[in-house]
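Structural features, examined
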Amino acid sequence: MTIPEVFFIDLLTIVGLFVIISMSLNLEFGYAGVPNFGKLLAVAGGAFFVGAVPGRIMMFILSPGSGLDFVQNNIEAVMLLNQVFASDALASIIYLVFSLVGAAVAGGVLGYVASYPAIRLRGDYLAITLLAMAEILRVIADNWPEFIGGSMGVRIPDPFRWVGGETRALAVAVTILAVVAIVFVYLELVLRSPLGRALRAMRDEELSAEVYGKDVARLRTKTLMVGCAIAAVGGALYSFLTASVSARDFNRVTHTFWPWVMVIVGGAGNNVGALVGAGIFVTLRKFITFYKSYFEPFVPFDVVWLEYLLLGLALIVVLLYRPEGLVPERPTKTLRRKELLEIAERVRSEASSK
Amino acid sequence: MLGSILRTRELVKSFGGVRAVDRVSIDVRQKSLTMLIGPNGSGKTTLINLVTGVYRPDHGKIFFDGTEITGYPPHEVFRLGVARTFQIPQPFRKLTVLENLLVTQPGNPGEGFIKSLRRGRWKKFEQESVEKAFRILRLLNLDHLWDQEAEKLSGGQMKLLEVGKTLMAGAKLLIMDEPIAGVNPALAHEIFETFTRLRDEIGITLFLVEHRLDIALRYTDYVYVMATGSIIAEGGPAEVVYDPKVIEAYLGE
Ligand SMILES: Nc1ncnc2c1ncn2[C@@H]1O[C@H](COP(=O)(O)OP(=O)(O)OP(=O)(O)O)[C@@H](O)[C@H]1O
Ligand SMILES: [Mg+2]
């Protein structure tokens, strides 16, 4: 593959991962108005699940007599499993699918945990609590070696090994984009349904929604469970991209703050906005990182900070000139406009014929 | 005579030192248009908030349609058949006028994270809801605004939208906090005529707070008068307005 090809595939992969995460945040915040400042919790949770559980199970199934512990003898264990996966596409795919589904379930459980404060607290109190919950998970993983190798992390078996060589990156990209497509279609269907309308109603006026029969606590809980399940799949996919899991790979800047910026810049309350936001930010970031050294002679500080400065600037510009984001929310109808107008016309002619 | 659909017994609610509602017992008769009047700050809105589960009473009991609902959360009170409006309209701002109505239609089969995917199962319900919503919008002269975001409506239109939402909810008991404040007299009369039609034709009970007695009283079956948290008078509209206690409460403001 040529360098531009590698660059492009890598770009698509990272954009895809962030689209998944920002779409999940858009469901929580953009539709339902739950300010999930603990996005990291679910993303890391999904990755940690993949680091902790599937490898152990695979060791148990594929070589029960080896006496190797998946975490303590991580290198040997992963080598052993990779040998199997290198020649067995079916086993690889089952392993991949099982891991993603498992991560989603783990994410759903974390979402349920996060809903405990989310149905009791509002505003800043909720934001801080969710932020703290995410940090707690990260700190636990970092300091508990038996879980996912502590600060060293673990390598995980590679379900794309049978693809092999250069095309592996392409296979990972295609897998991630497939997940993006599924999540996008699912969330679009939700948005164009009575549920999407109820969520937006709850976001706009919680007390009215409650008084008009919506069980707000339940809706918030379910939203967080679904949102966190999606984000956890994003975290799991990131692990498969790098074939490793480490608590140090996850932090609140990358996995909470960036998705927030993406959703706000792209436009909350619609999935295209989350897509555009993630696309623009990852691309910008990649170009800035790529051309960083060119700026070196011109800036009087370490160029590492340039990235933050420019992206922060972009955020401020968007908030000033397009506070609703690049793609503003539009009414999404459950029925087509034409159909609505037909019904309106029928009601009108009925009334006047009376 | 019909029984009462809503009963409260000795309801008390204090905010700090203020007894906003002080041992209030009322009986709202089924299929009646019952009014709650009283000077500003007499506790009318607080009483509505108690009945609909927005506040919990410090003391006392609430019964709706024979069941005790004291302490029920608002959405459960709604599910039993009580819909209400707010004195200060609280529309779903970003939703269109039509959507504001559709949201309040109870029993929607498309409101789950999996159910929402089964379009075939909720489409018919949705079409029927839309038709019902357009009828209500027509009645309230809001049909030309169906596609407007609710936040762009005028104050009077928002009031009407609130009324529309309770009609959409198909409740047995409609509780409205000043439904015609800011609405022009002609339309206000039309709305009250609709209320009486709902009462006579469908058997809906209305429990209304209203300051504009000139318009409202002639449609009213029964009146409760509140002052400083307590019921000071009750009866038919004609007797109540000449009750010296009532006149004093209003003049003594
Ligand atoms: N949430 C609250 N916190 C503190 N005090 C309150 C609260 N709600 C109402 N009150 C007080 O309770 C009393 C009754 O208020 P309420 O709003 O029920 O009166 P009202 O009869 O609806 O008046 P109006 O005709 O002006 O709407 C007032 O003294 C008010 O200040
Ligand atoms: Mg009031």
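This one's a predicted model, so the numbers in the text were calculated from it and none came from an experiment. (Residues numbered from 1 in each chain as written. Chains lettered and ligands numbered in written order. Predicted model: local features only at pLDDT ≥ 70, side-chain atom pairs only at ≥ 80, totals over all residues.)

**Overview of the overall build of chain B**
Looking only at helices and strands, one finds nine helices and 11 strands in chain B. By sequence separation, contacts in chain B at least 24 residues apart represent 66% of the contacts at least 6 residues apart. (Helix = DSSP H or I, 4+ residues; strand = E, 2+ residues; numbered from the N terminus. Contact = placed C-beta atoms within 7 Å.)

**Let's talk about the overall build of chain A**
What chain A contains, in helices and strands, is 15 helices and two strands. For chain A, the C-alpha radius of gyration of 23 Å lies close to 20 Å, the compact-globule estimate for 354 residues. Taken along the three principal axes of its C-alpha coordinates, chain A extends 85 × 55 × 40 Å. Within chain A, buried positions represent 48% of all 354 residues. (Rg over C-alpha atoms; globule rule 2.2 N^0.38 Å. Buried ≥ 20, exposed ≤ 12 C-beta atoms within 10 Å, placed from the backbone.)

**A short note on the interface of chain A and chain B**
At the junction of the two partners, chain A supplies 31 residues and chain B supplies 38 residues. At the level of secondary structure, the elements contributing two or more residues to the side of chain A that touches chain B comprise α8 (167-191), α9 (194-204), α10 (206-211), α11 (216-242) and α15 (337-353) of chain A. Among the elements that make up the side of chain A that touches chain B, the one with the highest residue count is α9 of chain A (seven residues). Looking at the side of chain A that touches chain B residue by residue, the classes come out as 17 nonpolar, four polar and 10 charged. (Nonpolar A, V, L, I, M, F, W, Y, C, P; charged D, E, K, R; others polar.)

**Here's the deal with the domain arrangement of chain B**
By the assigned domains, chain B splits into domain 1 (4-90 + 170-251) and domain 2 (92-152). For domain 1 of chain B and domain 2 of chain B, the distance between their C-alpha centres works out to 27 Å. (Domains from an automatic or database assignment.)

**Focus on unusual backbone geometry**
Residue and element names in this part refer to chain B. Not every positive phi belongs to a glycine, and Lys31 is a case in point at roughly 60°. The topology assignment puts Lys31 in the loop between β3 (27-29) and β4 (33-37). Look at Thr228: it is not a glycine, yet its phi comes out positive at around 35°.

**A few points about the site of ligand 1**
Residue and element names in this part refer to chain B. Close contacts around ligand 1 come from Phe15, Val18, Ala20, Gly38, Asn40, Gly41, Ser42, Gly43, Lys44, Thr45, Thr46 and Gln87, and that covers them all. Those elements giving two or more residues to the shell around ligand 1 turn out to be β2 (18-24) and α1 (44-51). Tallying contributions element by element places α1 first for the shell around ligand 1, with three residues. For the shell around ligand 1, the residue count by class is three nonpolar, eight polar and one charged. (Near = placed C-beta within 6 Å.)

**A few points about the packing of helix α1 (residues 3-31) of chain A against helix α12 (residues 252-266) of chain A**
All names here are of chain A. Contact pair α1 / α12: the axes reach a minimum separation of 9 Å and the direction vectors enclose 70°. Regarding the angle of α1 to α12, the classification is roughly perpendicular. When α1 is examined against α12, the residues Phe18, Ile21, Ser22, Leu25, Asn26, Phe29 and Gly30 are found in contact with a partner set consisting of His255, Trp258, Pro259, Trp260, Met262 and Val263. For the contact of α1 with α12, the per-class residue count stands at nine nonpolar, four polar and no charged. (Axes fitted to C-alpha atoms, helices over the stretch in contact; angles between N-to-C directions. Parallel < 35°, antiparallel > 145°, perpendicular 65-115°, else oblique.)

**Let's talk about the sheet that holds strand β8 (residues 173-177) of chain B**
Residues and elements named next belong to chain B. Read across the open sheet, the six strands follow the order β7-β8-β9-β4-β10-β11; overall the sheet is mixed. The open sheet has two free edges, formed respectively by β7 (82-84) and β11 (230-235), since each of these has just one partner strand. Averaged over all neighbouring strand pairs, the angle between strand axes comes to 20°, with direction disregarded. Across five bridges, the pairing between β8 and strand β9 (residues 205-209) is parallel. The partner of Ile175 across the bridge, within β9, is Phe207. The strands that helix α9 (residues 244-251) touches are β10 (222-227) and β11; relative to β11, the one it contacts most, it runs at about 135°. (Pairing = 2+ DSSP bridges.)

**Focus on helix α3 (residues 54-62) of chain A**
All names here are of chain A. Among all positions of α3, only Pro54, Gly55, Met58 and Met59 are buried. Here the buried residues of α3 occupy an arc of 140° about the axis, which is enough to place them on one side. Turned more than 90 degrees off the buried face of α3, the exposed positions are Phe60 and Ile61. If you follow the buried residues of α3, they end up packed against α2 (39-52), α4 (74-87) and α5 (89-118). (Arc of directions from axis to C-beta.)

**Let's talk about the confidence of the model for chain B**
Residue and element names in this part refer to chain B. Summarising the model, chain B shows a mean pLDDT of 92, and 98% of its residues fall at 70 or more. The least confident element of chain B, judged by mean pLDDT, is α9 at 83; the most confident is α1 at 97. In the predicted assembly, ipTM is 0.89 and pTM is 0.91. (pLDDT = per-residue confidence, 0-100.)

**Digging into the pairing of β4 of chain B**
Residue and element names in this part refer to chain B. Most of β4 sits out of view: five of its five residues are buried. Burial along β4 is two-sided: the residues Leu33, Met35 and Ile37 and Thr34 and Leu36 are all buried. Pairing geometry for β4 and β9, over four bridges, is parallel. Bridge pairing in β9 links Leu36 to Val209. By the bridge criterion, four bridges tie β4 to β10 in an arrangement that is parallel. Counted as the bridge partner of Met35 is Val223 from β10.

**Topic: the pairing of strand β5 (residues 59-64) of chain B**
Residue and element names in this part refer to chain B. The pairing of strand β1 (residues 4-15) with β5 spans five bridges and is classified as antiparallel. Each residue of the ladder has a partner; that of Thr8, found in β5, is Ile62. Relative to strand β6 (residues 67-68), β5 is paired through two bridges, and the arrangement is antiparallel. Among the inter-strand pairings, Phe63 is bridged to a residue of β6, identified as Glu68. The turn joining β5 and β6, which pair antiparallel and follow one another in sequence, is formed by two residues; a positive phi near 55° is taken by Asp65.

**Some points on the nonpolar core**
Residues Ile20, Ala232, Val233 and Ala236 of chain A together with Val225 of chain B are the most contacted members of the largest nonpolar core, which totals 178 residues. Sort the elements by how many residues they give to this core and α11 of chain A lands first, with 15 residues. Residues from two domains meet in this core; each of domain 1 (4-90 + 170-251) and domain 2 (92-152) of chain B gives at least three. Residues in contact with Ala236 of chain A, not counting those within four places in the same chain, are Gly46, Ala47, Phe49, Val50, Ser99, Leu100 and Ala103 of chain A. (Core = buried A, V, L, I, M, F, W, Y, C linked by C-beta atoms within 7 Å.)

**Section: α4 of chain A**
Residues and elements named next belong to chain A. Between its terminal C-alpha atoms α4 stretches 21 Å, which fits the 20 Å expected from 14 residues at 1.5 Å a residue. Along α4, the residues classified as buried are Asn74, Ala77, Val78, Leu81 and Phe85. Taken down its axis, α4 places every buried residue within 90° of arc, on the same side. Counted as exposed and oriented over 90 degrees from the buried face of α4: Ile75 and Ser87. (Expected span 1.5 Å × (residues − 1).)

**Let's talk about the packing of α1 of chain A against helix α13 (residues 271-295) of chain A**
Residue and element names in this part refer to chain A. Closest axis-to-axis distance for the α1/α13 pair is 8 Å, and the angle between their directions is 140°. Classified by the angle between their axes, α1 and α13 sit oblique to one another. For the crossing formed where α1 meets α13, the hand is right-handed. Residues Leu11, Ile14, Val15, Phe18, Val19, Ser22, Met23 and Asn26 of α1 lie in contact with α13, whose contacting residues are Asn271, Ala274, Leu275, Gly277, Ala278, Gly279, Val282, Thr283 and Lys286. Along the lines of polarity and charge, the residues of the contact of α1 with α13 split into 10 nonpolar, six polar and one charged. (Left-handed = near helix turned anticlockwise from the far one by under 90°.)

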